[in-house]
Amino acid sequence: MANELLKVKNLKTYFKTEAGIAKAVDGVDFDIMPGEVLGIVGESGSGKSVTSLSIMQLIPNPPGDIVEGNIIFEGKDLLEAYRRKDYDVIRKIRGNKISMIFQEPMTSLNPVFTIGDQVAESLVLHKGMTPKEARDYAVKMLELVGIPSARERIDEYPHQFSGGMRQRVMIAMALSCDPSLLIADEPTTALDVTIQAQILELMLEVKAKTSNAAILLITHDMAVIAETCHRVVVMYCGRIQEIADVKTIFHSPQHPYTQGLLASLPKPGQKVKRLSTIEGMVPSLFNLPKGCSFCTRCSQKLAQCETVPPEMVETAPGHLVRCHLAKPMNSA
Amino acid sequence: MTEKKKTETLLEVVDLKMYFPVYGGVFRSHVADVKAIDGVNFTLREGETLGLVGESGCGKSTTGKCIINLNRPTSGHIIFHTQKDASRGYRITPEKPVPVNLAKLNNDQMRPYRSEIQMIFQDPYASLNPRMTVSDIIMEPLSIHMPELSKAQMLEKVDWLMEKVGLSAEQATRYPHEFSGGQRQRIGIARALATNPRLVIADEPVSALDVSIQAQVINLMQDLQEEFGLTYIFIAHDLAVVEHISDRIAVMYLGNIVELADAETLFKNPLHPYTRALMSAIPHPDPNVKKDKRIVLQGDVPSPMKKPSGCGFRTRCPIARNDCAIDVPPMLEAAPEHFVACPYYATQDKN
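Presented here is a report on the structure given in the accompanying data block. (Residues numbered from 1 in each chain as written. Chains lettered and ligands numbered in written order. Predicted model: local features only at pLDDT ≥ 70, side-chain atom pairs only at ≥ 80, totals over all residues. Heavy atoms only, no water.)

Considering the sheet that holds strand β3 (residues 49–53) of chain B
Residues and elements named next belong to chain B. What the eight strands build is an open sheet, ordered β8-β9-β10-β3-β11-β12-β14-β13; its pairing is mixed. The two strands at the open ends of the sheet, each matched to only one other strand, are β8 (117–120) and β13 (332–335). Each strand of the sheet is rotated relative to its neighbour by a mean of 20°, with strand direction disregarded. Relative to strand β9 (residues 199–203), β8 runs parallel, the two being bridged by four bridges. Bridging from a neighbouring strand, Met119 pairs with Ile201 of β9. The strands touched by helix α5 (residues 181–193) within the sheet are β8 and β9, with β8 carrying the most contacts at an inclination of about 175°. With respect to the sheet, helix α9 (residues 273–281) is in contact with β11 (248–253) and β12 (256–262), its orientation differing from that of β11 by roughly 105°. (Pairing = 2+ DSSP bridges. Helix = DSSP H or I, 4+ residues; strand = E, 2+ residues; numbered from the N terminus. Axes fitted to C-alpha atoms, helices over the stretch in contact; angles between N-to-C directions. Contact = heavy atoms within 4.5 Å.)

Re α5(B)
Between its terminal C-alpha atoms α5(B) stretches 19 Å, which fits the 18 Å expected from 13 residues at 1.5 Å a residue. The element α5(B) is largely enclosed, with a buried count of 13 among its 13 residues. (Expected span 1.5 Å × (residues − 1). Buried < 20%, exposed > 50% of the residue type's maximum accessible area, 1.4 Å probe, protein only.)

Some remarks on the packing of aromatic side chains
Residues and elements named next belong to chain B. Applying the stated rule across the entire model yields eight aromatic pairs over all chains. Measuring from ring centre to ring centre gives 5.8 Å for Trp160 and Phe228, while their planes differ by 75°; the resulting arrangement is edge-to-face. Placement of the pair is Trp160 in helix α4 (residues 151–164) and Phe228 in helix α6 (residues 211–228), with a sequence separation of 68 residues. Relative accessible area serves as the criterion here: at 40%, Trp160 is assigned to the partly exposed category. Taking relative accessible area as the criterion, Phe228 reaches 33% and is therefore assigned partly exposed. Geometrically, the ring pair formed by Tyr253 and Tyr274 is tilted, given 4.5 Å between the ring centres and 55° between the ring planes. Taken together, the positions of Tyr253 in strand β11 and Tyr274 in helix α9 put the pair 21 residues apart, joining distant regions of the chain. (Phe/Tyr/Trp six-rings, centres within 6.5 Å; stacked < 30°, edge-to-face > 60°.)

Thoughts on the pattern of salt bridges
Residues and elements named next belong to chain A. Counted by the stated rule, this structure contains 28 salt bridges over all chains. Between Asp86 and Arg84 there is a salt bridge whose closest N-O contact spans 3.5 Å. We classify Arg84 as exposed; its relative accessible area is 51%. The shortest N-O distance in the salt bridge between Arg91 and Asp88 comes to 3.3 Å. With Arg91 and Asp88 both in helix α3 (residues 88–93), this residue pair falls three residues apart, about one helical turn. Judged by its relative accessible area of 48%, Arg91 falls in the partly exposed class. Relative accessible area serves as the criterion here: at 43%, Asp88 is assigned to the partly exposed category. A single network of salt bridges, built from pairs that share partners, joins Glu4, Lys7, Asp31, Glu36 and Arg231. (Salt bridge = Lys/Arg side-chain N within 4 Å of Asp/Glu carboxyl O.)

Structure (structure tokens):
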């Protein structure tokens, strides 16, 4: 195995609220290889965004805190400095080696600075360019992401751009410092389908043209995952339920949640009379079941599911499932 | 999908236009119009589901709002085949009363017909009054449209409705914040059904919900349609969802319908260049499905304030010609019941 770019080990991020402790992320392990596109999929409240914000150390504290775990990026544990309250370490990495694209292109750009200023900012900060060099480089980046007449538009403000164009600016910003990891948190959720197709294509294209950054793509849309990712992490209630490569996830999912999720999707071109559903709803984070967090909705529940939390089981090389039904590789 | 023939007309929309005026300059003079809907025509048959799809700003929601008279259209007709006879005190009559043109009614004149047309809104967090209990929310349309019912009868109907949408009657005394998104959407559906409507306009009813909950609500809507013989106008941007629930689909772009066909035909054989691009942009939830070359449209949707002349799509159209700029293309019947607003659709290469 090659060296992982990022290794997340037993990450726990809790939020202390008046109603109790919300275990938003409760023991998450995964890794990302250089150049890989890894998808994290899950419903709202499954902890997928909190995972990404924990990697970036952007969790608002209080109420949130990374209470346990290791985040090893290029061989260095980022959380070790976090615990010493030494935030300079992450500051040098954030926006430089690891950068992020947010969901809302309308709110994630600063309305009072020009597009050029915002793209150039990280270049001046991290790459030590002079403002003039940074500006020229920003024009180059904006051209790369397909903004027409970039040299003229660089002095415009975010409100003069459409949603798709703003997301392009975000991508230019995120990729300007040649990051080795790009975290994209629902990058196309706020966009229309035709623009979504443009942006996804652009992300992969620009990634190939620049530093071949690994991408951590967070989304709730299984179809987007199917089209872009190499491997998939399925999250539910703050825990990873299944990890496998994209074909395995879609064709032989092992976890009942993944199976239910895929069955409930309407598929273009295949009309069925009724959609199959997952009964019930996501339990509250304050009131999770004692055993498997999916046991309240699972159709294949066993007696032990309610009391014993299942462990991650490797059913095939690289295919991990958190379910009592899953059979480990060698016994199968 | 269903065996019953859907032939009776319920609603006809004829050349519907909705312009929102824009005022500017020192004297706040009328400088332009946002042409949200610019000549929409379609016929809705009783018992069917018509899907309205399109990107944001194409006028699909405005069309829904015009039908329910939340927006007064600038021009055009919305002919509703009502069961209520105005000359007999809006009583429901077995013989067909004269159809009514909703576009010409004011609020007071519209009120009797509102019980026949109801709406389900997109955001279940914003469309329920947080200060009212669930039973008050569902009872409100009853007390307006069926004042002859006693309080006990209304409560009974509330319980019955809640059971129909998959909530338990004990939950009636709770407030909306005690419910999850999917449950709130069920409350919204129960409220819409309270007045025994015939037409339900659902404006993005599942886009705010999680995938696993989406399927539950879609199934519920289909069950209720079968049980009560409802007609739906289903407005959504998610093409896979629309294909699943709709009998016929109208594709909108910049205030016009560009293509209208039954769901299966539209997905198998899209004719309009915009529909084709839209179809090819849908990501498919199966990594093995290899797409034919994706048609990625260049640029963005033009502003509805500065619509291009002629065909609205010509600025992004791969097969645009010079004369596309002259006239708005008329709806052609390319095949029986398959309408397309593009005279040159046949010149595209067949995939």
